[in-house]
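The lines below spell out each chain.
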Amino acid sequence: MNQFDYLIVGSGLFGATFAYRATKAGKKCLVIDKREHLGGNVYCENVEGINVHKYGAHIFHTNNKQVWDFVNSIVEFNRYTNSPVANYKGKLYNLPFNMNTFYQMWGVTTPAEASAKIEEQKAEAVAALGHREPANLEEQALSLVGKDIFEKLIKEYTEKQWGRSCKDLPAFIIKRLPVRFVYDNNYFNDKYQGIPVGGYNKLVDGLLRGVECRTGVDFFTDYKKNWRHVADKLVYTGALDEYFDYRLGRLDWRTVSFKTRVEDFPNFQGNAVVNYTSHDQPYTRIIEHKHFEMFGQAVYDCPKTVISEEYSTEYKIGMEPYYPVNDDRNNSLAEEYRKLVADEKDVLFGGRLGQYRYYDMAPVIEQVLNIKDI
Ligand code: FAD
Ligand code: UDP
């Protein structure tokens, strides 16, 4: 009889939500994380009274009422709506691609004018495709929004973010972005979105209340060999290839690094997210963290502001793995690893790293809520 029912590796939203549900079901959990804090990538650090998203901007969004009700039962969410602005060589465009963008790009003012312009812009790419589906991100983007938007708002940003040509990336990545013929700068189509009031740490604290947690503990050095003597089952949310000692080869990841600084005035860019879509700037975007949680006068009541430049680079050993790379090599290697998963008795692989899938927060929580027997 072990001391714990579950050893949970990783205190991100998958691990924390699992621990919450298991604890409610009367199970005893031990959560470990190799970082010095809990929360995984949604962890925030308080700087000058502002919650700084240490591992990149996180905006919660979902269409799933069950997930929305669940997170709101842990902590209240605010009304933040993500409406990033793109800066291409000094000129600003609204995102996602909507009537505001089309006006800024071409001066068109009605949906009919905008769609005629887009038809003209994408004609060449659509003709080249014939009846074939777009095979890569470039074909997908060109046949969706055409040449000008691809060149000014997609091509170089995507190359910076992924370090690969748009021809070598899968089409689905760009399908994440809505295209709309209305004046609506809301980045997401989802019904629900927001940021936890008081920051993401409140969500994580709520999920892990009463759960035994140890930080600064690496599964591979401290538990891999003997976990079966500690817990009956393992929930693993670390990197998929690392669990198997990279025996089939290494999966690639993209990683992100941040240059964060405090400015001695209250408002730097007037928006939480500004994307830099040309190669002129080496960073992909600048985040001004206070705009996630401070609105109106509150922006000025807080005299300083914290901004982060975000740089995307190829992962090397020792760095933080962030984004699975969904090219052919990695997709088929990940499939081979997933076959090994089936043979691991009493182990559940979860989350972005553990499943090597480009998940947002809500789908990660949804997966845990859908697990039948915890
Ligand atoms: P993680 O949060 O990565 O947690 C995994 C944890 O496991 C980490 O804390 C890690 O330290 C720990 N761990 C790994 N290996 C070991 C080990 N060997 N021993 C012990 N601990 C270990 N989603 C959205 O919905 N909206 C957004 O706006 C958004 N923005 C994002 C921006 C960036 C830059 C990134 C990278 C992701 C973003 N996401 C966003 C996705 C979101 O971060 C993930 O969906 C979510 O955090 C996944 O949770 P997780 O528990 O799977 O992983
Ligand atoms: N993208 C782009 N220009 C932008 C924003 C996004 O070309 O200004 C592309 C880019 O390829 C990116 C994809 O759209 O990988 C999805 O963007 P999203 O903001 O959803 O990515 P995230 O950083 O949230 O994973």
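Keep in mind that what you see is a predicted model, and the values were worked out from it rather than measured.

Enquirer: Pulling in residues and values, what's your account of the environment of Lys89?
Expert: For Lys89, the position within the fold is in the loop between strand 6 (85–88) and strand 7 (91–94). Along the primary structure Lys89 and Ser278 are separated by 189 residues, whereas in three dimensions their C-alpha atoms are 6.5 Å apart. Excluding residues within four positions of it along the chain, Lys89 makes contact with Ser278 and Asp280. Among the polar contacts listed, one links the side chain of Lys89 to the side chain of Asp280, at a separation of 3.3 Å.

Enquirer: Report on the packing of helix 2 (residues 65–74) against helix 14 (residues 361–370), specifying residues and quantitative values.
Expert: At a minimum axis separation of 10 Å, helix 2 and helix 14 run at an interaxial angle of 95°. By the angle class used here, helix 2 and helix 14 are roughly perpendicular. Residues Gln66, Val67, Phe70 and Val71 of helix 2 touch helix 14, and the partners they reach there are Ala362, Ile365, Glu366, Leu369 and Asn370. Of the residues that constitute the contact of helix 2 with helix 14, the class distribution is six nonpolar, two polar and one charged.

Enquirer: An account of the sheet that holds strand 10 (residues 231–236) is requested, with residue identities and associated values reported.
Expert: In a beta sheet, neighbouring strands are held together by backbone hydrogen bonds and run either parallel or antiparallel to one another. If you trace the five strands from one edge of the open sheet to the other, you get 9-2-1-10-16, paired in parallel fashion. A single partner strand is all that each edge strand has here, and the edge strands are strand 9 (212–215) and strand 16 (347–349). Along the sheet, successive strands turn relative to each other by an average axial angle of 20°, direction set aside. Note: strand 10 against strand 16, three bridges, orientation parallel. Paired with Tyr236 across the two strands is Phe349, which belongs to strand 16. Set on the sheet, helix 1 (residues 13–24) makes contact with strand 1 (4–9), strand 2 (29–33), strand 10 and strand 16; between it and strand 1 the angle comes to about 165°.

Enquirer: Go over the site of ligand 2, please, and point to the residues and values.
Expert: The immediate surroundings of ligand 2 are formed by 17 residues, with Leu153, Thr158, Arg176, Tyr187 and Tyr358 found nearest. Here an oxygen atom of ligand 2 and a side-chain polar atom of Trp162 are 2.8 Å apart. Residue Tyr358 places a side-chain N or O atom 2.3 Å away from an oxygen atom belonging to ligand 2. Look at ligand 2: alone it shows 530 Å² of surface, and the protein chains cover 93% of it.

Enquirer: Can you explain the pattern of salt bridges? Please cite residues and give values.
Expert: Summed over the entire model, instances satisfying the criterion amount to 25 salt bridges. We note a salt bridge from Lys304 to Asp264, for which the minimum N-O separation is 3.7 Å. A residue pair is termed long-range when its members are at least 10 positions apart, and Lys304 in the loop between helix 11 (297–301) and strand 14 (305–314) and Asp264 in the loop between strand 11 (253–263) and strand 12 (273–276) qualify at 40 residues. For Lys304, a relative accessible area of 27% corresponds to the partly exposed category.

Conventions adopted
Residues numbered from 1 in each chain as written. Chains lettered and ligands numbered in written order. Predicted model: local features only at pLDDT ≥ 70, side-chain atom pairs only at ≥ 80, totals over all residues. Heavy atoms only, no water. Helix = DSSP H or I, 4+ residues; strand = E, 2+ residues; numbered from the N terminus. Contact = heavy atoms within 4.5 Å. Polar contact = N/O pair within 3.5 Å; in protein donor to acceptor, adjacent residues only side chain to side chain. Axes fitted to C-alpha atoms, helices over the stretch in contact; angles between N-to-C directions. Parallel < 35°, antiparallel > 145°, perpendicular 65-115°, else oblique. Nonpolar A, V, L, I, M, F, W, Y, C, P; charged D, E, K, R; others polar. Pairing = 2+ DSSP bridges. Near = heavy atom within 4 Å. Areas by Shrake-Rupley, 256 points an atom, 1.4 Å probe, with all protein chains shown as cover. Salt bridge = Lys/Arg side-chain N within 4 Å of Asp/Glu carboxyl O. Buried < 20%, exposed > 50% of the residue type's maximum accessible area, 1.4 Å probe, protein only.

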